[in-house]
Amino acid sequence: QEDRARPIILDAVSAASPTEFSAAQLAQVTKHAEELNSPAHFDPAAIAGITTSNTLAEDVAGLSVDEQKKRVESIPYGQLLRDLFKQRLHVANAAESRSIWGDAGQVGSTPEFGFGQLAAAERERTRLVQAVTDVLRDVSVPLSKALHTALNQWLGSKDDAAVASHALADEINALLDAETTSSLDAVRRLRGHFARQSSWLVGADEWAYDLGSSGVHHVISSGLNVNMLVLDTAQYPFAATDKNGTRKKDVGLYAMNYGTAYVASVAVYASYTQVLQALAEADAFPGPSVVVAYLPHAGGVFGGNYSPIEVLQQSKLAVDSGAWPLYRWDPTKADSARFQLDSERLRRSLEDFLQRENVLAAIGHSEPKLSSIRASVEGKIGERLARKARGDVDTLLGGLGGPPLLVLFASDNGNAEETARRVARQGRRRGLDVRCMSMDEFDVEELPFEKTVVVSVSTAGQGEIPSNGREFWKALQAASINLNATQFAVFGLGDSHYWPRAEDAIFYNKPARDIDRKLSELGGARLVDVGLGDDQDADGWETGFADFEQRLWAALNIDVVAGAGVEEEAPGRTDEENKVISNFLRGSISQAIADTSCGYVDEWDGKLLKFHGTYMQDDRDLRAERMSRGEEKAFSFMIRVRLPGGVATPAQWLAMDKLADEYGNQTMKITTRQTFQLH
C-alpha cells in the first residue's frame, strides 16, 4: 500500500493451508510490517527475559533455549509493553520466563517474586525525593543554576513520565557529575531512580486460585505504584474449576471490590486499541493496577500444540459470547465514568436492554401518583424489577449459557452445606449456571425470578431452622409472592430417634417439611417429594441424600455434560468404617490441634471431632472483613460437655465458668440437650 502509515491485515484463518503463503509473500509482508512498526510485528521475548544465560535451567519438554524463545515470541503482550514504555519498562519477574505460565513449585510463579524488588525501588525513590527536597531547601548548599532548575523541574513532576524521562535523568546526572560538593552525596547514591519506571509483574491465571497465598492481595493492598499483567490462559468455554477441583477467582472483580486499584480486562486479538489504552492508563495510575489479559492456549507456549491461529479463534469466541468482557475501571474518576465497558457486542446488547427499560420507566412516570399507598407498592415493585434487571445484566456480562439453578442451605454443623455443594457440583457437570449460598444470603423477594431452586436444611434444637437460615424463613412466612414460574426441591437432615417421646416425632426434619409446604403454598412446582436424611441409617444422611439426588436429576431430565471437569462423587463411608480407618476416631486430631500455623483443622479431622462432641465454626459477622484483608476466617470450636441427667453441682458450674474464661470466648450456654456448651 502506498500509505505507509496504515497497517495491513493478514487473513491466515481462512487459508486452506499454510503453504498458500509462499516464502516470497511472507518475506514481503514481514518487511512491510517491520517498516510500519504496527501490530503485525510482535517481538515479546523481551517481556519474558529469554536469553541464553537465564533460560538454561528452563530447557524442558525437549525444547532448546532458541526454540523456547521462538515460542515465547508468539506472545503479543510483550511487544506492546516494550513499544509503549521503551526504556522505562521494568518487568521484575522477567528473568524467569516460565514463571509467567505459573509452573507450580517455582518461587517466580507468584507476584511476591518480583514485588519485593519493586517495593524496594519505590522506597529508594522516596528516599531520593527526600534527599532532593533537603538539598533544595538548604540554602547553604552551592548549586549551579542549571542543576537547581533541573532538580526543581524533576521534583514538581517526578511522577509524570513525560517530564521525569531518561533524557531529564541523563541531564541531571551530568550536572551532578560537574558538582564537587559532598552535600549531594545522598542524591548521587540514588541517582538511578530519577527516571520514572513503568514497573510490571507478569504472571498467569495460576495466581487467581488463591489470591491470599499467591500474593495478589498483598500487591493490590500495598498502595504502591506497581502494575500486574495477569495472562488468563484458560480455553473457551471455561471450566468451573481446575484439575484439582479448585475454583479460580475473578482477579479483576476482586481488585475492583478492593476499591483502590486500576483494573482492566483486555484481549489483544479482540481489540488492539483497547489493550494499548488500558496499558497506558494502568501505567499513569498513581497506585496498583491490574490488567487481566486473555491469551488462551491448550498446553502452554512450550507445548507442541500452541497455535496463534487457535488463540485468535478462541479469543474471538470468548469475547463475542460475553464470557470474556472487555472493560476498564478507574476509581479516581467520577462515579458515572469509573466503569467503561469496551466489549462492542455486550455494549450494544446492554444499550438495547436499557433502552427498553427507559421506555417502560417513561410510561410509568407519565401516570399520576394516586396515593401514598400506591407509591409504596410501586416502589417495592420497582425494587424487584431493578433486582431482576441487575440479574439480567450480570448474566449478560458473564456470558452464561446454561439453565440457572439456585442452591440454598441452612446448616449448623456443615452437613447441609456439604449436600448443597454436592448438588451444585453435579449441576455444573450438567452444564447448569449454578449459584450456591446460605439461605440468609438470599433475598426472599427474588424467589419469583428463579427458575429452579434446591434447598438443603438441617434440623436444630426442637425442629428449628439453623441460625444461617432463620431470617430467610421469617421472610418466607410473611412473603406474598407468586412462585408459579419456579420449581423447587427440598432435602432435610435430621435424626429420627433424637427425641425419645412419641409426641416429639413431629420435630424430625421439621424445617425441611415446613419449607417444602410453604413453597408449594406460594405456587411453586414441586420437582420431587421432600428428601429426608436420617442419622439413624447405616451411613447417616447419605442414604436419603443418594435417593433424593437420583430423583432430582431424573425430574430435571438433564444429563452430565462431557468434559465438565468434575468427577462423580465417591461413595460415602459409614460411621463404622470411618472409625476403623481413623484408628477409632483418633486420626490426626492431636497433631492438628498442636499446629498453630492456622486456626482450623482439615475436613477429615473436622468430621472426626464431631464424634467427640465438638464442631468447627467461624464468625460469619467477621467473615467479609477478614477476607478483605486476606486473612483466614475467624475459626472457633463449639464444645458440648457430657452431663448425665442434666444435673450439675456448684463445683462443676464454677469449673465450667473458669474454662469459659480461660479457654473460651467468655460465654457459657445451657442448651436444650441438658448440658453446657462452650465456644
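Structure first, text after, so check above.
Everything numeric here is computed off the predicted structure, so don't read it as measured data.

### A word on the overall build of the protein chain
Broken down by element type, the protein chain carries 23 helices and 17 strands. Going through the 679 residues of the protein chain one by one, you find that 40% of them count as buried. In the protein chain, the proportion of contacts linking residues at least 24 apart, taken out of those at least 6 apart, comes to 73%. Summing over all exposed atoms, the protein chain offers an accessible surface of approximately 35700 Å²; the carbon and sulfur share of this is 52%.

### Focus: the sheet that holds strand E15 (residues 635-640)
Strand order across the open sheet formed by 4 strands is E14-E15-E17-E16, with antiparallel pairing between neighbours. Both edges of this open sheet fall to strand E14 (614-618) and strand E16 (668-670), since each of them pairs with a single strand only. Between one strand axis and the next, the sheet turns by 25° as a mean value, whatever way the strands run. Looking at chain direction, E14 and E15 are connected through 5 bridges and run antiparallel. Residue pairing for E15: Met-616 is matched across the bridge by Phe-637.

### Quick word on the packing of helix H15 (residues 415-429) against helix H18 (residues 542-556)
Contact geometry of H15 with H18 gives a least axis separation of 12 Å together with a crossing angle of 30°. Considered as vectors, H15 and H18 are oriented roughly parallel to each other. Between H15 and H18 the crossing geometry is right-handed. Residues Thr-419, Arg-422, Val-423, Gln-426 and Gly-427 of H15 lie in contact with H18, whose contacting residues are Glu-542, Phe-545, Glu-549, Leu-552 and Trp-553. Classifying every residue of the contact of H15 with H18 by side-chain character gives 4 nonpolar, 3 polar and 3 charged.

### Focus: unusual backbone geometry
Peptide bonds are mostly trans, and most non-glycine residues show a negative phi. You will see that Asn-583, though not glycine, has its phi angle at about 55°, which is positive. Relative to the elements of secondary structure, Asn-583 occurs in the loop between helix H19 (575-581) and helix H20 (589-594). Asn-583 sits in the partly exposed class, given a relative accessible area of 44%.

### Quick look at the sheet that holds strand E7 (residues 339-341)
Spatially, E1-E2-E3-E5-E4-E6-E7 is the arrangement adopted by the 7 strands of the open sheet, whose pairing is mixed. Looking at the sheet topology across the chains shown, the edges are occupied by strand E1 (89-91) and E7. Shown here is a sheet whose adjacent strand axes are inclined to one another by a mean of 15°, direction ignored. Relative to strand E3 (residues 227-232), strand E2 (residues 198-204) is paired through 5 bridges, and the arrangement is parallel.

### Here's the deal with the environment of Val-490
Among the secondary structure elements, Val-490 is positioned in strand E11 (residues 487-494). For Val-490, the contacting residues outside a window of four places in its chain are Val-455, Ala-512, Ile-515, Asp-516, Leu-519, Asp-529, Val-530, Gly-531 and Phe-548.

### Overview of the packing of helix H6 (residues 145-156) against helix H7 (residues 166-178)
Axis separation between H6 and H7 bottoms out at 10 Å; the angle between their running directions is 145°. Crossing handedness for the pair H6 and H7: left-handed. Here H6 contributes Ala-146, Leu-147, Ala-150, Leu-151, Gln-153 and Trp-154 to the contact with H7, which in turn contributes Leu-168, Glu-171, Ile-172, Leu-175 and Leu-176. Looking at the contact of H6 with H7 residue by residue, the class counts come to 9 nonpolar, 1 polar and 1 charged.

### So, the side chain of Ser-458
Turning to its location among the elements, Ser-458 is positioned in strand E10 (residues 452-458). Among all residues touching Ser-458, those that are not within four sequence positions of it are Ala-410, Ser-411, Asp-412, Ala-416, Glu-464, Pro-466, Leu-493 and Pro-511.

### Considering the packing of aromatic side chains
Counted under the stated rule, the structure contains 9 aromatic pairs. Centroid distance Trp-154 to Phe-194: 5.1 Å. Interplanar angle 80°. Geometry classified as edge-to-face. On the criterion of sequence distance, the pair formed by Trp-154 in helix H6 and Phe-194 in the loop between helix H8 (185-189) and E2 is long-range, its members being 40 residues apart. Note on Phe-491 and Phe-548: the rings are 5.3 Å apart at their centroids and 35° apart in plane angle, and the pair reads as tilted.

### Regarding a nonpolar patch on the surface
Together, Trp-653, Leu-654 and Ile-670 line one region of the surface with nonpolar side chains, adding up to about 350 Å² of accessible area. Position of Trp-653 among the secondary structure elements: in helix H23 (residues 650-663).

### Re the side chain of Arg-125
Note on placement: Arg-125 falls in helix H5 (residues 112-137). Here the side chain of Arg-125 touches Lys-158 through a polar contact of 2.8 Å, landing on its backbone oxygen.

### Focus on the pattern of salt bridges
This structure, assessed with the given rule, holds 19 salt bridges. The closest approach of N and O atoms between Arg-328 and Asp-342, which form a salt bridge, is 2.8 Å. With Arg-328 in strand E6 (residues 327-329) and Asp-342 in the loop between E7 and helix H13 (344-366), this residue pair connects regions lying 14 residues apart in the sequence. The pair Arg-328 / Asp-342 is uniform in exposure class, with both members buried. Across the pair Arg-517 and Glu-521 runs a salt bridge whose closest N-O atoms are separated by 3.3 Å.

Conventions we followed
Residues numbered from 1 in each chain as written. Predicted model: local features only at pLDDT ≥ 70, side-chain atom pairs only at ≥ 80, totals over all residues. Heavy atoms only, no water. Helix = DSSP H or I, 4+ residues; strand = E, 2+ residues; numbered from the N terminus. Buried < 20%, exposed > 50% of the residue type's maximum accessible area, 1.4 Å probe, protein only. Contact = heavy atoms within 4.5 Å. Areas by Shrake-Rupley, 256 points an atom, 1.4 Å probe, with all protein chains shown as cover. Pairing = 2+ DSSP bridges. Axes fitted to C-alpha atoms, helices over the stretch in contact; angles between N-to-C directions. Parallel < 35°, antiparallel > 145°, perpendicular 65-115°, else oblique. Left-handed = near helix turned anticlockwise from the far one by under 90°. Nonpolar A, V, L, I, M, F, W, Y, C, P; charged D, E, K, R; others polar. Phe/Tyr/Trp six-rings, centres within 6.5 Å; stacked < 30°, edge-to-face > 60°. Patch = residues over 30% accessible without salt bridge, like charges linked within 9 Å, V, L, I, M, F, W, Y side chains within 5 Å. Salt bridge = Lys/Arg side-chain N within 4 Å of Asp/Glu carboxyl O. Polar contact = N/O pair within 3.5 Å; in protein donor to acceptor, adjacent residues only side chain to side chain.

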